[in-house]
Amino acid sequence: QVHLGESGGGLVQAGGSLRLSCAASGSIFIIGTLGWYRQAPGKQRELVATITSGGNTNYADSVKGRFTISRDNAKNTMYLQMNSLKPEDTAVYYCNADGYYVGQPTLYIYWGRGTQVTVSS
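Residues numbered from 1 in each chain as written. Predicted model: local features only at pLDDT ≥ 70, side-chain atom pairs only at ≥ 80, totals over all residues. Heavy atoms only, no water.

Side note on the pattern of salt bridges
Across all of its chains, the model carries four salt bridges by this definition. A salt bridge links Arg 38 to Glu 46, with the nearest nitrogen and oxygen atoms 2.7 Å apart. You can call Arg 38 buried: its relative accessible area is 6%. Ionic pairing is found between Asp 89 and Arg 66, a salt bridge with its closest N-O pair at 2.8 Å. Note that Asp 89 is positioned in the loop between β8 (77-82) and β9 (91-101) and Arg 66 in the loop between β6 (57-59) and β7 (67-72), a separation of 23 residues in sequence. (Salt bridge = Lys/Arg side-chain N within 4 Å of Asp/Glu carboxyl O. Buried < 20%, exposed > 50% of the residue type's maximum accessible area, 1.4 Å probe, protein only. Helix = DSSP H or I, 4+ residues; strand = E, 2+ residues; numbered from the N terminus.)

Points about the pairing of strand β1 (residues 2-7)
Residues of β1 alternate between two faces, with Val 2, Leu 4 and Glu 6 buried on one and His 3, Gly 5 and Ser 7 left unburied on the opposite face. Here six bridges tie β1 to strand β3 (residues 18-26), and the two strands are oriented antiparallel to one another. Considered in β3, the bridge of Val 2 is made with Gly 26. (Pairing = 2+ DSSP bridges.)

Quick notes on the packing of aromatic side chains
The final tally for this structure, using the stated rule, is three aromatic pairs. Between the aromatic rings of Tyr 101 and Tyr 108, the centroid separation amounts to 5.0 Å while the plane-to-plane angle is 85 degrees, which identifies the pairing as edge-to-face. Under the relative-accessibility criterion, Tyr 101 is labelled buried at 11%. Summarising the aromatic geometry, the rings of Tyr 108 and Tyr 110 are spaced 6.4 Å apart at their centres and angled 10 degrees between planes, so their arrangement reads as stacked. Relative accessible area serves as the criterion here: at 29%, Tyr 108 is assigned to the partly exposed category. Aromatic ring contacts, followed pair by pair, group Tyr 101, Tyr 108 and Tyr 110 into a single cluster. One Lys or Arg, Arg 19, reaches over the ring of Tyr 79 and ends 4.0 Å from the middle of that ring. Positioned above the aromatic ring of Tyr 94, the side-chain terminus of Arg 45 is 3.7 Å from the ring centre. (Phe/Tyr/Trp six-rings, centres within 6.5 Å; stacked < 30°, edge-to-face > 60°. Lys NZ or Arg CZ within 6 Å of the ring centre and 35° of its normal.)

This is the structure in structure tokens:
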């Protein structure tokens with residue numbers, strides 16, 4: 001089993017910044033793609049950004065130029081630097097990881113429990 005723990009959420013004024021972290025721990029697991037997703041009240045969960053094991057990144061159009069995803073493979077940690085925050089960025093942000101256990105061909109997907117980000121106008 002792999003545990004994903006998010007941190008760094010909070011309340012910030014519009015135009016401000018926050019940095020989210022997601023630390024992975026648990027069994028011997030080869031992490032592939034890591035991602036951040038978010039879910040606002042009454043809305044479906046949506047992709048924010050992903051980063052592959054090789055460092056290739058992908059962003060939702062709504063956050064391009066404002067958010068930066070990164071990872072530290074040695075620490076099994078992923079980050080999301082969020083700048084120029086807007087009230088519409090308010091949501092619960094979830095960490096996501098996929099990968100394989102050593103010696104097994106099955107792809108596993110894990111989710112964190114989420115961290116609240118609230119941007120006031």
